[in-house]
Amino acid sequence: MLKALHIINRVKISSRLNSLLYFIKKLPILKRKLRTTNYSFLKLKGAIGIISIPYNIVSTFLKGFLVFFTTMYLPSNFLAKEKAAIALPTLIFFFYFVLRLVSSYMLEFDLNKFIMVKQMRMNAREYSLATIFPEEILKLISKVIIFILFLEFGTFKMYGITLAISIFSFAMFTEAIHLYLFDKFDFTIYKHNVLLVILYLMIVFVGYILAFGSSIEIFFMILTSPVFFIVTIILGIWGSIYILKYKDYYRVINKTNNIEFLDNQKELTKDIYFNEVKIKEKDFSDEDLRIDKFTKKEGYSYLNAIFFDRHKKMVYKPMMIKSIFIAVLFIIAALVTELLHKEVGPIIGRFSYESFNMFVFLMYVLCNSQRLIKSMFYNCDLSLLRYGFYRRGDALLRMFFLRLLRIIYSNLVPTTVLVLGLGYNILKYTEMGFSDLIPIVLLLYALAMFFSVHYIFMYYIFQPFTSSLEVKSPFYSFINFLVYFISYMLIQVPAPSIVFLPMVIGFLLVYTAIAVILVYKKAPRTFRIK
């Protein structure tokens, strides 16, 4: 098992180092110097087996920490202390136990399995055992550390250790159950993608509803029960024995990791990408196809007007849905305050004023324009980028501003509805005055402007899409993840508005100026079909 684990880790790290080199070779400063560098790394790869050990330990811990912190610990911290003591055990139970019932590492499609077993001819049983047990043990160690640091509930000080062992044992049990169902009935949940997504969403939704809306401590009592701990240990021992004794691992990998499945996954992914941006002829009325609607416009203004007119459902439908959703939420809050619970309005008003830093993440979600950007590429730029005149700096800058104005408009409408709703709650139900509301209003509009500029700027500088709408630019993915992560983490930053607002506005002005300059100078080289 150890030899197999060593080989698997060497291949994984080699692949990641090759990807890292590809990423580095795209850097403007280094790409010329590294142009002739190949991917052999012969001397470095000799030490990969040693590198892989600390890498796996650190990466497993970081992934476990991010999942726990962002999906369980941080959301429960929004509640009062007594409510958080109920919410956190509930979320732990749903994310680590209930959600584990519908997932199986051994049956899911994994390209590494395909490469190692079917192409490199590694023994299927050795591969399976060398991945499942070390992986789950590393997760166990990371959970022990995380729970000791963050958990404040339990019957004794080191309760986090027993909880981590319960989760590990339950994971072994569920793997064995999935393996048994596959062996006896040829059943795998991964053949039913729609069902799998529905189950995931339902479990997460129910978990959050019970965590935030229930005052029952049943999940706290389950997790801290000695009976629960003993039962999970027994199930885990049975599961581990079944996994160790199971013989036909090649059949498992052969049926769940084959070329047909890989091709189907690719086709499914392509269908998802295209269905997101495709427009159908039945969506157009005769009025939409009139050629005399924009006779007063010409050039790129005419092109832009036609595009947004024919894609108005893709542009304005999400805008209206967001606006109506926000309005309905505030109307419900107002009705509940006036008719049922008088304290709801003041709570929303004070929370909005005191926790304004949460608006960064809220506006990130509200002003996400990635679908529209994809549509611009697939339904317009994919064809026009084949012509030299369209890639000139002045042409790109002209289209950049024309499109930016439309995106700003589509983001300002729901932002305005949000501003009105928050303004109503703050002015009516708190002692704050209009002058206290101004920083929040300015912040919301500044964030709407920032996210409007950000997505189209990233598109013009990196143009990440292939003709099949796959994202090929590592920079594009990395920077978008970074923006998401910073937006999320800013929820926890207790910065006063007098500091936070000038920083956001100043950053927006600098970012916009840099965007304009780079689009004009760099986009003629970077804005192309990949």
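Scoring rules and cut-offs
Residues numbered from 1 in each chain as written. Predicted model: local features only at pLDDT ≥ 70, side-chain atom pairs only at ≥ 80, totals over all residues. Heavy atoms only, no water. Patch = residues over 30% accessible without salt bridge, like charges linked within 9 Å, V, L, I, M, F, W, Y side chains within 5 Å. Areas by Shrake-Rupley, 256 points an atom, 1.4 Å probe, with all protein chains shown as cover. Salt bridge = Lys/Arg side-chain N within 4 Å of Asp/Glu carboxyl O. Helix = DSSP H or I, 4+ residues; strand = E, 2+ residues; numbered from the N terminus. Polar contact = N/O pair within 3.5 Å; in protein donor to acceptor, adjacent residues only side chain to side chain. Buried < 20%, exposed > 50% of the residue type's maximum accessible area, 1.4 Å probe, protein only. Contact = heavy atoms within 4.5 Å. Axes fitted to C-alpha atoms, helices over the stretch in contact; angles between N-to-C directions. Parallel < 35°, antiparallel > 145°, perpendicular 65-115°, else oblique. Left-handed = near helix turned anticlockwise from the far one by under 90°. Nonpolar A, V, L, I, M, F, W, Y, C, P; charged D, E, K, R; others polar. Core = buried A, V, L, I, M, F, W, Y, C linked by side-chain atoms within 4.5 Å. Phe/Tyr/Trp six-rings, centres within 6.5 Å; stacked < 30°, edge-to-face > 60°. Lys NZ or Arg CZ within 6 Å of the ring centre and 35° of its normal.

Got a minute to help me understand a nonpolar patch on the surface in this structure?
On the surface, Ile137, Ile141, Ile145 and Leu149 cluster together to form a nonpolar patch covering roughly 360 Å² of accessible area. You can see Leu149 is positioned in helix 6 (residues 124-150).

Got a minute to help me understand the side chain of Ser487 in this structure?
By the element assignment, Ser487 lies in helix 20 (residues 474-489). At 2.7 Å, the side chain of Ser487 and the backbone oxygen of Val483 are in polar contact.

Looking at this model, I keep getting lost on the environment of Ile373. Mind explaining?
Relative to the elements of secondary structure, Ile373 occurs in helix 17 (residues 370-384). Judged by relative accessible area, Ile373 falls into the buried class, the value being 0%. On a C-alpha basis, the gap between Ile373 and Gln463 in space is 9.9 Å, while along the polypeptide they are 90 residues apart. Sequence-distant contacts of Ile373, defined by excluding residues within four places in its chain, comprise Ile407, Tyr455, Ile456, Tyr459 and Phe465.

How should the packing of helix 7 (residues 159-185) against helix 10 (residues 226-245) be read in this particular structure?
For any two helices packed against each other, one specifies the crossing angle of their axes together with the interaxial distance. Contact geometry of helix 7 with helix 10 gives a least axis separation of 7 Å together with a crossing angle of 45°. By the angle class used here, helix 7 and helix 10 are oblique. The hand of the helix 7/helix 10 crossing is left-handed. Residues Thr162, Ile165, Ser166, Ser169, Met172, Phe173, Glu175, Ala176, Ile177, Leu179, Tyr180 and Asp183 of helix 7 form the contact with helix 10, whose participating residues are Phe228, Phe229, Thr232, Ile233, Leu235, Gly236, Trp238, Gly239, Ser240, Tyr242 and Ile243. Residues of the contact of helix 7 with helix 10, tallied by class, amount to 14 nonpolar, seven polar and two charged.

Where do I start with the side chain of Ser128 in this structure?
Among the structural elements, Ser128 can be located in helix 6. A polar side-chain atom of Ser128 sits 2.9 Å from the main-chain carbonyl oxygen of Ala124. Those residues within four positions of Ser128 in sequence are excluded, and the remaining contacts are Met106, Tyr249 and Ile253.

Help me out: how do you make sense of the packing of helix 13 (residues 299-310) against helix 14 (residues 312-339) in this one?
For the pair helix 13 and helix 14, interaxial distance at closest approach is 5 Å and the crossing angle is 60°. Relative to helix 14, the element helix 13 is oriented oblique. Contacts from Phe308, Asp309 and Arg310 in helix 13 reach Lys312, Val315 and Tyr316 in helix 14. Here the contact of helix 13 with helix 14 is composed, by residue class, of three nonpolar, no polar and three charged.

Which parts of the structure should I look at to understand the nonpolar core?
Soluble globular proteins tend to pack their nonpolar side chains together in the buried interior. Core analysis: the largest hydrophobic core is formed by 132 residues, its most contacted members being Phe68 and Ile243. In terms of residues, this core owes the most to one element, helix 19 (residues 434-462), which gives 18 residues. Beyond its immediate sequence surroundings of up to four residues, Ile243 is in contact with Met106, Leu129, Ile132, Phe133, Met172, Glu175, Ala176, Leu179 and Tyr249.

What am I meant to see in the packing of aromatic side chains here?
Centre distance and the angle of the planes are the two values used to describe a pair of aromatic rings. Taken as a whole and assessed by the stated rule, the structure comprises 47 aromatic pairs. With a centroid separation of 6.0 Å and an interplanar angle of 20°, the aromatic rings of Tyr208 and Phe212 are classed as stacked. Of this pair, Tyr208 and Phe212 both sit in helix 8 (residues 193-213), four residues apart, which is roughly one turn of that helix. Judged by its relative accessible area of 23%, Tyr208 falls in the partly exposed class. In this structure Phe212 comes out as partly exposed when scored by relative accessible area, which is 34%. We note Lys113 situated over the ring of Tyr105; from NZ or CZ to the ring centre the distance is 4.9 Å.

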